[in-house]
Amino acid sequence: AELVSQTQHLHATMHHASRETLAKSAVAERRVHSYVKGMQSRLEEHAKMLGVYAQRGVQSKQRQRLLFSKVEPRLRDVVWLVEHQATETLLWQLDSTWWDLRALVDDFLDGTSKMNEAFGTAVEMLQDYTSQCSMEYPQLLKHYRAAVDAENSAHDSLRDTWRKMLPLLGKLAATITDEDALNRLARSDLID
């Protein structure tokens, strides 16, 4: 009988506790904590993606340098020499434009990394503010404003990068079209 009484008391206590609603601050803390975890996950994904792009860029530059260091033109006849020089000039034009574009993209990616760092710091501060109460609101606001400034700077950088890239993309397209680059490079591959 006592076991039944204790079980009923435990059941009543559990039922009463499940009816209790969380305080508004606890609900807010849970929401903020969930938001912070989501933002941290997204920031980690962005950081990984930026790392992949940066690593591939370095590898591409190294591979290109290796290829150009091994170029040894062979002279077979005057026609081949003229065609070869024209193709080489075309490659240098395309390569130059390509690396100008890459430099702009690399600069933009560096700026994006800074934005991700600023947002990561702001998200950490938000978590400290809501769950640990380890800082004052003005400190949190300072980090929030730094993150917003970094985001605005990244957007400005994207617009500036795009504005600078458009003429280079036009130059690249015009060089490929005007020089009949694809056919010229295919012929060069057949000859060599």
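Structure: above.
K.L.:
Sorry if this is basic, but what is going on with the nonpolar core here?
P.N.:
The nonpolar side chains of soluble globular proteins are, as a tendency, buried together. In terms of nonpolar packing, the biggest core is built from eleven residues, these being Val36, Met39, Leu43, Met115, Ala118, Phe119, Ala122, Val123, Ala147, Ala150 and Ala154. Elements represented by at least two residues in this core include exactly α2 (24–69), α3 (78–132) and α4 (137–178). For this core, the element with the highest residue contribution is α3, accounting for five residues. With residues near it in sequence (within four places) discarded, Ala147 still touches Ala118, Phe119 and Ala122.

K.L.:
Hey, could you run me through the side chain of Asn116 in this one?
P.N.:
Assignment of secondary structure puts Asn116 in helix α3. Once you skip the residues sitting within four places of it in the chain, Asn116 turns out to touch Leu43, His46, Ala47 and Leu50.

K.L.:
Looking at this structure, how should I read the layout of surface pockets?
P.N.:
Think of a ball as big as a water molecule: rolled over the atoms, this probe shows where empty space is left. Considered as a void within the structure, the second largest pocket measures approximately 180 Å³ in volume. Around the second largest pocket, the lining residues are Tyr35, Met39, Phe119, Ala122, Val123, Leu126, Leu140, Tyr144, Ala147 and Val148. At the level of elements, α2, α3 and α4 are the ones that each hand at least two residues to the lining of the second largest pocket.

K.L.:
Explanation requested: α4 in the structure shown.
P.N.:
Side chains three or four residues apart in an α-helix point the same way, a direct result of the helix having 3.6 residues per turn. Taking 1.5 Å of rise per residue, the 42 residues of α4 would be expected to cover 62 Å, and the 61 Å separating its terminal C-alpha atoms lies within 8% of that figure. The principal kink in α4, of about 30°, is found at Met165, preceding the proline Pro167 by one to four residues. Along α4, the residues that are buried comprise Leu140, Ala147, Ala150, Ala154, Thr161, Met165, Leu168, Leu172 and Thr175. Asp180, located one to two residues past α4, shows a positive phi value of around 50°.

K.L.:
What am I meant to see in the pattern of salt bridges here?
P.N.:
Side chains bearing opposite charge may pair, as long as their charged atoms lie close to each other. Applying the stated rule across the entire model yields six salt bridges. Its salt-bridge partner being Asp106, residue Arg102 comes within 3.2 Å of it at the nearest N-O pair. Of the two residues, Arg102 and Asp106 are both situated in helix α3; the distance of four residues between them amounts to about one turn of the helix. Assessed through its relative accessible area of 13%, Arg102 is described here as buried. Judged by its relative accessible area of 18%, Asp106 falls in the buried class. With its nearest N and O atoms 2.3 Å apart, the salt bridge here joins Arg163 to Asp160. Note that Arg163 and Asp160 are positioned in helix α4 at a spacing of three residues, about one turn of the helix. Judged by its relative accessible area of 52%, Arg163 falls in the exposed class. Judged by its relative accessible area of 27%, Asp160 falls in the partly exposed class.

K.L.:
Can you walk me through unusual backbone geometry in this structure?
P.N.:
Glycine aside, a negative phi is what most residues show, and trans is what most peptide bonds show. Even without being a glycine, Asp180 presents a positive backbone phi close to 50°. Turning to its location among the elements, Asp180 is positioned in the loop between α4 and α5 (181–191).

Quick notes on the rules
- Each chain has its residues counted from 1, following the order in which its sequence is written.
- Residue-level local features of this predicted model are given only where pLDDT is at least 70; pairs of side-chain atoms are given and counted only at 80 or more, and the full residue set underlies all totals for whole chains, interfaces and linings.
- Hydrogens and waters are ignored; side-chain quantities use all the structure's heavy atoms.
- Working definition of a nonpolar core: buried Ala, Val, Leu, Ile, Met, Phe, Trp, Tyr and Cys residues. They are joined through side-chain atoms within 4.5 Å.
- Burial classification: accessible surface area is computed with a 1.4 Å probe over protein chains only, and a residue below 20% of its type maximum counts as buried, one above 50% as exposed, and the rest as partly exposed.
- Numbering goes from the N terminus for both helices and strands, where a helix is a DSSP run of H or I of at least four residues and a strand is a run of E of at least two.
- We call two residues contacting when some pair of their heavy atoms lies within 4.5 Å.
- Only protein atoms enter the 1 Å grid used here. Points where a 1.4 Å probe fits but cannot escape make up a cavity, open sets with protein on both sides within 12 Å along at least five of seven lines make up a pocket, and a residue lines them when an atom lies within 4 Å of a point.
- Grid points are joined across faces, edges and corners, and a volume is the space filled by probe spheres set on the points.
- An expected span of 1.5 Å times one less than the residue number is assigned to each helix.
- The bend reported for a residue corresponds to the angle between axes fitted to the seven residues ending at that residue and the seven starting there.
- Any carboxyl oxygen of Asp or Glu that lies within 4 Å of a side-chain nitrogen of Lys or Arg is treated as forming a salt bridge with it.

On their own, these measurements won't tell you what the molecule is for.
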